[in-house]
Amino acid sequence: MAGRLLLVCRLLVRDLRRRRTETVLLLVAISAATGTLTLGLALDGALARPYERTRAATAGPDVVAMPGATGPEALAALAPLATAPGVSAHSGPYPIGYLMLTARGKTVHAVVEGRDNSPAALDRPAVTAGTWVRPGGVVIEPTFANAVGVHVGDTVDINGHPLRVVGTAVTAARAVYPGADWRADAGSPLTENAGLVWVDRSQIGALAGARPLSYTLNLRYADPRASTSFTHKSEGGIEYTSWKQIAYADGRLVEGAHEALLIGSWLLTALAVAGVASIVAGRISGQRRRVGLLKAVGAGPAMVAAVHLAEYLVIGLAAAGTGLAAGWLAAPVLTNPGAGLLGSTGVHPPALRTVVAGTVLALAIAAAATLAPVVRATTTDTVHALADAATPPRRRRWRVWLSRRLPTALLIGVRINARRPRRARLVMVNTLVTTTALVAVLMAETQDQLIPLGNVELPKPRDVRANQAILLVIVVLCVLALINALVSTWTAVLDARHPLAVARTLGATPAQVTVGMTVAQLLPAVPSVLAGIPVGIGLFLAVGLGEVHYPPDSWLFAAGLGVLLAIAALTAIPATAAARRPVADTLQSTPT
């Protein structure tokens, strides 16, 4: 037993040293899928309690009450609520003005709340940059600040009064931009998109001018169930908004990014399996003679399988660690306080379930891509393994009749795919996933990503986060697809160099050989591109919300054509290099 284990370890180290490039490609392919899944799970952890975390840090209320009246009538309506049965704490009433804010030439709706400099019993907004309110200054909710493009130290105008931005802060008492609920008339039940800002309480009257002020009162109940039995209700001329309603609005900020990352991890997993399977198939086919030698000296199927599986499982474990680290480090980019959430997923190590899921995924990819080639290798007859012959094409009379009438280049491509049908299927998977992702990105870019805010339109924060996630996924996916295409084309050229040399001795020109290799890659890619376009549209429709806009047909055509041209170019380069090699040298290099 010890001798067999030592043999497996020696062969493992030898293969890793001799095939460093392929080992790195395997590591990258599996790490990409693992990292994206880790990022999606990390964001899922941030989504699990986004509002609750902010609510705990800011002493958020259970219910926010706003009367339909304004001025003294509003204060009179709110006065009994502070001492109502079941109310254990309160803060306010705070004056609210529905005003217009101008920054960088844009005039937008702003809900302006007057606050004191001293901390309140409930709703103590957490400052994320700068300081809290003071006379002559304004504090802006960070998502709103990002949308209008202002930073601490800039100057904004509220109803004709210039104020200096002294800080940014988050709160649990009102939904983040654009859900701050601006009202054309204070007390009106009709709301519009807006952002939230805070000013010194002594200044809000001057800022509002002739516009009447409304008021808001924050309540906490002795029985927590009293605030969870509803989300929003209106009683006695007063609107009550539960923290559950605000939590739902805040959670939607990164919901799109979460869905994009999880779907992206599925696509990357499929792409990683295809890429790893292509590399593994090439490596094991190149080691087929070693399989025959191992069997010839008495190694059984279990020993042969252990020799091959050990290498890929070790690579899978290394890729799991790399992907977990990459996903963990990238997570704060999508869950920073600018999204209206407190905390950062990158501060603490990944959760145990994330580590387990990433490790299982990496090992599953390695095992799934390796299992079939290993099983074929272990069940191959010793004599056939030593001969290392490719799969002979099945002879059919109609195929022979048709092949006689095919152009030389097309015939070469068809025969190459007939010799290695599994490689053609891997090209189909690679192309299908790539096209699907590109079409989904085109669908996302076509959608309306702006919302009206007064007289201008500003970006939707939910779409901004989703686009960041989509961009991250598409970059990783394109890199992985490029690696898969390079590996597939190079292994196809190396595997077919001897049959192509024979074809050249029978009269095929180097140009025909190059075109034939390109055709071999394009034949399975064309149906995948045609299928990937509707699949990509359907994938976006499955997760898209609201009104859907479709990209122009020219965009879809250009995406599909671009994929096919990229495959043709990546194939033509190694095929041209191989075709320029003298036929005699190629035939003499045949292993014996």
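Please refer to the structure higher up on the page.
Think of each chain on its own: its residues are numbered from 1, step by step along the sequence as written. Thresholds applied to this predicted model are a pLDDT of at least 70 for local features of residues and 80 or more for the giving and counting of side-chain atom pairs; totals over whole chains, interfaces and linings are not thresholded and use all residues. Only hydrogens and water are removed before side-chain values are computed, so all heavy atoms of the structure are retained for them.

(A) Structural view of helix H7 (residues 243–251). Here's how the labels work: a residue is buried when its accessible area is under 20% of the maximum for its type, exposed when over 50%, partly exposed in between, all with a 1.4 Å probe on protein chains only. Labels follow the DSSP assignment, with helices taken as runs of H or I lasting at least four residues and strands as runs of E lasting at least two, numbered in each case from the N terminus. Along H7, the residues that are buried comprise Trp 243, Ile 246, Ala 247, Asp 250 and Gly 251. Summarising the axial view, the buried residues of H7 lie within an arc of 130°, below the 170-degree limit, and thus occupy one face. Here the arc refers to the set of directions running from the helix axis out to each C-beta atom.

(B) Examining the environment of Leu 477 more closely. Mapped onto the secondary structure, Leu 477 falls in helix H16 (residues 461–495). With 44 residues separating them in the primary sequence, Leu 477 and Val 433 have C-alpha atoms 8.8 Å apart.

(C) The arrangement of a nonpolar patch on the surface in detail. Each patch is built from residues that are more than 30% exposed by relative accessible area and take part in no salt bridge. Like charges join if they lie within 9 Å; nonpolar side chains (Val, Leu, Ile, Met, Phe, Trp, Tyr) join within 5 Å. Areas reported here follow the Shrake-Rupley algorithm with a probe of radius 1.4 Å; residue values treat only the protein chains shown as occluding. In what follows, salt bridge is the name for a side-chain nitrogen of Lys or Arg lying within 4 Å of a carboxyl oxygen of Asp or Glu. A cluster of nonpolar side chains, namely Leu 352, Val 355, Val 356 and Val 360, defines an oily patch on the protein surface of about 350 Å² accessible area. Locating Val 360 in the fold gives a position in helix H11 (residues 352–379).

(D) A look at the pattern of salt bridges. According to the stated counting rule, one finds six salt bridges in the structure shown. Between Glu 235 and Lys 233 there is a salt bridge; the shortest N-O distance is 3.6 Å. For Glu 235, a relative accessible area of 44% translates into the label partly exposed. Sharing partners across several salt bridges, the network here consists of Glu 113, Arg 115 and Asp 123.

(E) Broad picture of the side chain of Asp 62. Note that Asp 62 resides in the loop between helix H3 (50–57) and strand S1 (63–67). By relative accessible area, Asp 62 is classed as buried at 6%. We call two residues in contact whenever any of their non-hydrogen atoms come within 4.5 Å of each other. Asp 62 has contacts with Arg 55, Leu 219, Arg 220, Tyr 221, Ser 227, Thr 241, Ser 242 and Trp 243, leaving out every residue within four places of it along the chain.

(F) Quick look at the pairing of S1. Of all five residues in S1, five are buried; the element is thus mostly enclosed. In this description, strands pair whenever DSSP reports at least two bridges between them. Judged from the five bridges that link them, S1 and strand S11 (residues 238–242) form a sheet pairing that is antiparallel. Bridged to Met 66 within S11 is Glu 239. Summarising the sheet, S1 and strand S9 (residues 214–221) pair through three bridges and their orientation is antiparallel.

(G) Here's a closer look at the nonpolar core. Residue types Ala, Val, Leu, Ile, Met, Phe, Trp, Tyr and Cys, when buried and joined through side-chain atoms within 4.5 Å, form a set referred to as a nonpolar core. Val 138, Phe 144 and Ile 158 are the most contacted members of the largest nonpolar core, which has 27 residues in total. For this core, the element with the most residues is helix H5 (residues 142–148), which contributes four residues. Val 138 has contacts with Val 156, Ile 158, Leu 163, Arg 164, Val 165, Val 166, Gly 167, Val 197, Trp 198 and Val 199, leaving out every residue within four places of it along the chain. If you look at the next biggest cluster of nonpolar residues, it comprises 20 residues, including Ala 29, Leu 267, Ala 366 and Ala 437.

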